Amino acid sequence: MRARLSDIAQQAEVSEATVSRVLNDRPGVAPETRQAVLTALDVLGYERPARLRKRSAGLVGLVVPELDNPIFPAFAQVIESTLAQSGFTPVLCTQTPGGVTEDEYVEMLLDRQVSGIVFVSGLHADTAANHDRYRALLARPLPIVMINGYAPGIPAPFVSCDDGEATELAVAHLVALGHRRIGLITGPDRFVPVQRRVAGFRAAMVRLAGVAEAGLGELAELSLFGVEGGEAAAARLLDRGVTGIVCGSDLMALGAIRAARQRGLSVPGDLSVVGYDDSPLMAFTDPPLTTMRQPVAAMAVAAVRALVDEINGHAAPHSEYVFRPELVVRGSTAVAPADGARPARGDGPTRQRPAPPALAVPA
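Residues numbered from 1 in each chain as written. Predicted model: local features only at pLDDT ≥ 70, side-chain atom pairs only at ≥ 80, totals over all residues. Heavy atoms only, no water.

Visitor: Looking at this model, I keep getting lost on the pairing of strand E1 (residues 59-64). Mind explaining?
Guide: A regular strand places its side chains so that they alternate between the two faces of the sheet. Of all six residues making up E1, five are buried, and the element is well covered by its neighbours. Sheet topology note: the E1/strand E2 (residues 89-94) ladder contains six bridges and is parallel. Looking at E2, one finds that Val60 is bridged to Pro90. Note on the crossover from E1 through helix H4 (residues 71-85) to E2: the handedness is right-handed. Strand direction decides the pairing type here: E1 and strand E3 (residues 117-120), joined by three bridges, are parallel. (Buried < 20%, exposed > 50% of the residue type's maximum accessible area, 1.4 Å probe, protein only. Helix = DSSP H or I, 4+ residues; strand = E, 2+ residues; numbered from the N terminus. Pairing = 2+ DSSP bridges. Right-handed = clockwise from strand over helix to strand, strands pointing away.)

Visitor: For this particular structure, what's the right way to read the pattern of salt bridges?
Guide: Two side chains with opposite charge may pair up if their charged atoms get near one another. This structure, assessed with the given rule, holds 18 salt bridges. Taking the shortest distance from any N to any O, the salt bridge between Glu218 and Arg181 comes out at 2.5 Å. On the criterion of sequence distance, the pair formed by Glu218 in the loop between helix H8 (192-208) and strand E7 (220-222) and Arg181 in the loop between helix H7 (163-176) and strand E6 (182-186) is long-range, its members being 37 residues apart. Under the relative-accessibility criterion, Glu218 is labelled partly exposed at 35%. One salt bridge in this structure joins Glu221 and Arg236, with 2.8 Å as the shortest N-O distance. Pair noted here: Glu221 is in strand E7 and Arg236 is in helix H9 (residues 227-239), with a separation of 15 residues, a long-range link. Look at Arg236 and you get partly exposed, because its relative accessible area is 32%. (Salt bridge = Lys/Arg side-chain N within 4 Å of Asp/Glu carboxyl O.)

Visitor: Could you clarify how one ought to interpret the pairing of strand E8 (residues 244-247) in this entry?
Guide: Every second residue of E8 is oriented toward a common face, with Gly244 and Val246 on one face and Ile245 and Cys247 on the other, all of them buried. Two strands pair when backbone bridges link them, and E8 and strand E9 (residues 272-277) are joined in this way by three bridges, in the parallel orientation. Residue Val246 lies in a different strand from E9, and its bridge partner there is Val274. A crossover links E8 with its parallel partner E9, the connecting element being helix H10 (residues 250-262), and its sense is right-handed.

Visitor: Which parts of the structure should I look at to understand the sheet that holds E1?
Guide: Each strand in a sheet pairs with its neighbour through backbone hydrogen bonds, running either in the same direction (parallel) or in the opposite one (antiparallel). Spatial ordering of the open sheet is given by E2-E1-E3-E4-E5-E11, a layout of six strands whose pairing is parallel. Of all strands in the sheet, those with a lone pairing partner are E2 and strand E11 (320-323), marking the two edges. In this sheet, neighbouring strand axes are inclined to one another by 15° on average, regardless of whether the strands run parallel or antiparallel. Alignment of E3 against strand E4 (residues 144-147), held across four bridges, turns out to be parallel. In the strand pairing of E4, Val120 is matched with Ile147. Packed onto the sheet, helix H6 (residues 132-139) meets E3 and E4 and runs at close to 150° relative to E4. (Axes fitted to C-alpha atoms, helices over the stretch in contact; angles between N-to-C directions. Contact = heavy atoms within 4.5 Å.)

Visitor: Mind showing me how you'd approach the environment of Arg236 here?
Guide: Spatially, the C-alpha atoms of Arg236 and Gly269 are 19 Å apart, while their sequence positions differ by 33 residues. For Arg236, the contacting residues outside a window of four places in its chain are Glu221, Leu222 and Ser223.

Visitor: What is the right way to read the packing of H4 against helix H11 (residues 296-311) from this model?
Guide: Helices that pack against each other are described as a pair by the angle of their axes relative to one another and the distance between those axes. Following both chains from N to C, one finds H4 and H11 inclined at 45°, their axes separated by 9 Å at the closest point. Taken together, the axes of H4 and H11 are oblique relative to one another. Between H4 and H11 lies a crossing whose hand is right-handed. In contact with Ile71, Ala74, Phe75, Val78, Ile79, Thr82 and Leu83 of H4, H11 contributes Val296, Ala297, Met299, Ala300, Val301 and Val304. Partitioning the contact of H4 with H11 into residue classes produces twelve nonpolar, one polar and no charged. (Parallel < 35°, antiparallel > 145°, perpendicular 65-115°, else oblique. Left-handed = near helix turned anticlockwise from the far one by under 90°. Nonpolar A, V, L, I, M, F, W, Y, C, P; charged D, E, K, R; others polar.)

Visitor: When you look at the side chain of Thr243 in this model, what are you seeing that I'm missing?
Guide: As for its position among the elements, Thr243 is in the loop between H9 and E8. Here Thr243 falls in the buried class, since its relative accessible area comes to 12%. Side chain to side chain, Thr243 and His179 meet in a polar contact 2.7 Å long. (Polar contact = N/O pair within 3.5 Å; in protein donor to acceptor, adjacent residues only side chain to side chain.)

Visitor: Is there a simple way to think about unusual backbone geometry in this case?
Guide: Most of the time, phi is negative for any residue but glycine, and the peptide bond is trans. Note that the residue after Arg140, namely Pro141, is joined by a cis bond; omega there is 5°. By the element assignment, Pro141 lies in the loop between H6 and E4. Here the residue pair Val267 and Pro268 is connected by a cis peptide bond, since its omega of 15° sits within 30 degrees of zero. With phi around 55°, Asp25 is a residue other than glycine that occupies positive phi space. Its location among the elements puts Asp25 in the loop between helix H2 (16-23) and helix H3 (31-44). Taking relative accessible area as the criterion, Asp25 reaches 35% and is therefore assigned partly exposed. One non-glycine residue, Leu281, adopts positive backbone phi at about 80°. Note that Leu281 resides in the loop between E9 and strand E10 (290-293).

Structural measurements only, silent on function.
Right, here's the structure in full:
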């Protein structure tokens, strides 16, 4: 290494001490001197240390969950177009169950020498995950921004929708319609957004619906995100006599509607359902879904601007930017059914339906 330092110093016409400072990425070296040392490395055929390799100025990694949930393609589309306006090209990485993991995608992005990475609803939102992976990226240094999910102790910009307020607004809407027996369906409680939704639900039910803390346990159902998870959780809540359900995603809300219809219940006549996200096409479901809208465009633009500032050396505030959700009222919520109009637990459908014709059974 001594010979190499002397060779590089001679080629760059600087001291060996200066070469050492540049190779270790230490301060105190003029930009033109640093560039002379890096040029000497290239001329002599030495490989630059990883921390000094020039990143592709136009590439930014975008890591999102599976695209089955329409909200994630919506985020990806806005992020891609906003990056393009800033002169960057996204490298889209979508995760699927059993497929490439977030860490494997990150390694692939580092091989491409991206200038930064945007994580949407990644492991940063999982309180059970090891967040040292993000600290290691920041130590490279590599700019990163994270959407939906806050992890304290990571010095990076975070962009989130106010999940707690979203749930409180949804409960307030149902209470205004006369509902008091309101249930919550959301995902596993290890995720930060889920924890915030549960906290918002509990606070709103005590303050607005007059439910005692002791009675809240049976009104919250944690399940898997998706239609099937929403359907299974809604079935349990219907057994407990709820007349309104607040859901952690639009897909879960569609599952809740399916569960109600399988029992012969009408939505919104017998059961009101509120979703979360306002995913594309939710205005065209049957019935059109009342939901809490995430401000996807504003959140995506803020995330990209923070990342571009970091890439350009203008450090963005390392804190959480919280965006206010919006209640979008459509056809899946209505005035609560009058007392006695709903069946008791397991008593069957509300309305009397004509009996199906008898099947002809051969003798």
